[in-house]
Amino acid sequence: MGDLKERKDHREKETDINFYHPDLLEVPEDGSLPYLKGYRCKKCGQLDFPKMSLCPSCWGEEFESIVLSRKGKLYSYADIYVGQPGMKTPYIIGYIDLPENLRIFAMLEGTVGSFTCDEDVELTVAPIRTNKDGSSIISYKFKKVSV
Ligand SMILES: [Zn+2]
């Protein structure tokens, strides 16, 4: 529930840019928890995230949007000390295995050195970098499951 409050705080600040792409991340207006959107190929059933223009399995072009699980297991991660401009280092990137048999790439929200492989993580919405004006760009990340 903590991440919801954080999100509202970001919204009230006019300088923040909400960068999440509607094809990737849904942040419901009613205040319910945000979720990632997977895309299932209507022809062969393969599920992908992020959305592809063609299904890599059958070249199908039609997809249905699927609500992905908010929780997964951290498959692997890396601490990044030399990053892109606008990204405060160190930051953490990782691969998260979702129950839908989908491995997705995301930044991790938390302290360097605090993650372990195979631990439970959950979706959150947080700054991923700053733009040229120095204001935060917000998108999806994964964090430790709050106990
Ligand atoms: Zn397909």
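Predicted, not measured: the structure shown is a model, and the values here were computed from it.

> Honestly, the overall build of the protein in this entry has me stumped. Any pointers?
The number of helices and strands found in the protein is one helix and ten strands. Along the protein, helices and strands appear, N-terminal first, in the series α-β-β-β-β-β-β-β-β-β-β. For the protein, the proportion of its 147 residues judged to be buried stands at 40%. Sequence separation of 24 or more characterises 46% of the internal contacts of the protein that already satisfy a separation of 6 or more. When the accessible surface of the protein is totalled, it reaches about 8700 Å², and 52% of it is carbon and sulfur.

> Explanation requested: the layout of surface pockets in the structure shown.
Unfilled space is identified by rolling a water-sized probe across the atoms. As a volume, the largest pocket reaches approximately 340 Å³. For the largest pocket, the lining is made up of 19 residues, of which Lys88, Pro90, Tyr91, Pro127 and Lys141 are closest to its centre. Those elements that place two or more of their residues in the lining of the largest pocket are strand 7 (91-98), strand 8 (102-109), strand 9 (120-130) and strand 10 (136-144). The element that contributes the greatest number of residues to the lining of the largest pocket is strand 9, accounting for four residues. Residue classes in the lining of the largest pocket are distributed as nine nonpolar, six polar and four charged. Computed from the structure, the second largest pocket encloses a volume of approximately 270 Å³. Every element with two or more residues in the lining of the second largest pocket is listed here: strand 7, strand 8, strand 9 and strand 10. The element best represented in the lining of the second largest pocket is strand 8, accounting for three residues.

> Would you take a moment to explain the pairing of strand 10 for this structure?
On a regular strand, one side chain projects to one face of the sheet and the next to the other, so that they alternate. Taking burial as the measure, the nine residues of strand 10 include eight buried ones, the bulk of the element. Of the pairings in the sheet, the one linking strand 8 to strand 10 comprises three bridges and is parallel in character. Bridging from a neighbouring strand, Glu109 pairs with Lys143 of strand 10. Bridging between strand 9 and strand 10 involves nine bridges; their strand directions are antiparallel. Among the inter-strand pairings, Ala126 is bridged to a residue of strand 10, identified as Ser139.

> Would you explain the confidence of the model for the protein in this entry?
Detailed conclusions should not be drawn from predicted coordinates in areas where pLDDT is low. Confidence in the prediction of the protein, expressed as mean pLDDT, is 87, and 86% of residues score 70 or more. Segment residues 10-15 is flagged for pLDDT under 50; beyond a separation of four residues in sequence, or across chains, it makes six contacts in the model.

> Even after reading the chapter, I still don't get the nonpolar core, so can you show me in this structure?
Side chains that are nonpolar tend, in soluble globular proteins, to be buried together. Leu25, Leu36, Ile96, Ile104 and Phe142 are the most contacted members of the largest nonpolar core, which totals 23 residues. At the level of secondary structure, the elements contributing two or more residues to this core comprise strand 7, strand 8, strand 9 and strand 10. Looking at this core, the element that brings in the most residues is strand 8, giving four residues. Within the second largest apolar cluster, six residues are counted, among which are Ile80, Met87, Tyr91 and Ile137.

> Looking at this model, I keep getting lost on the pattern of salt bridges. Mind explaining?
Side-chain pairs of opposite charge can arise where the charged atoms are in close proximity. The final tally for this structure, using the stated rule, is six salt bridges. The shortest N-O distance in the salt bridge between Glu119 and Lys144 comes to 3.0 Å. Taken together, the residues Glu119 in the loop between strand 8 and strand 9 and Lys144 in strand 10 connect sequence positions 25 residues apart. Residue Lys144 is classed as partly exposed on the basis of its relative accessible area of 32%. Note that Glu122 and Lys143 form a salt bridge whose closest N and O atoms lie 4.0 Å from each other. In this pair, Glu122 sits in strand 9 while Lys143 sits in strand 10, placing the two residues 21 residues apart along the sequence. Given a relative accessible area of 7%, Glu122 falls into the buried group.

So, how was this worked out
- Residues numbered from 1 in each chain as written.
- Predicted model: local features only at pLDDT ≥ 70, side-chain atom pairs only at ≥ 80, totals over all residues.
- Heavy atoms only, no water.
- Helix = DSSP H or I, 4+ residues; strand = E, 2+ residues; numbered from the N terminus.
- Buried < 20%, exposed > 50% of the residue type's maximum accessible area, 1.4 Å probe, protein only.
- Contact = heavy atoms within 4.5 Å.
- Areas by Shrake-Rupley, 256 points an atom, 1.4 Å probe, with all protein chains shown as cover.
- 1 Å grid on protein atoms, 1.4 Å probe; cavity = no way out; pocket = protein on both sides within 12 Å on 5 of 7 lines; lining within 4 Å.
- Points joined across faces, edges and corners; volume = space filled by probe spheres on them.
- Nonpolar A, V, L, I, M, F, W, Y, C, P; charged D, E, K, R; others polar.
- Pairing = 2+ DSSP bridges.
- pLDDT = per-residue confidence, 0-100.
- Core = buried A, V, L, I, M, F, W, Y, C linked by side-chain atoms within 4.5 Å.
- Salt bridge = Lys/Arg side-chain N within 4 Å of Asp/Glu carboxyl O.

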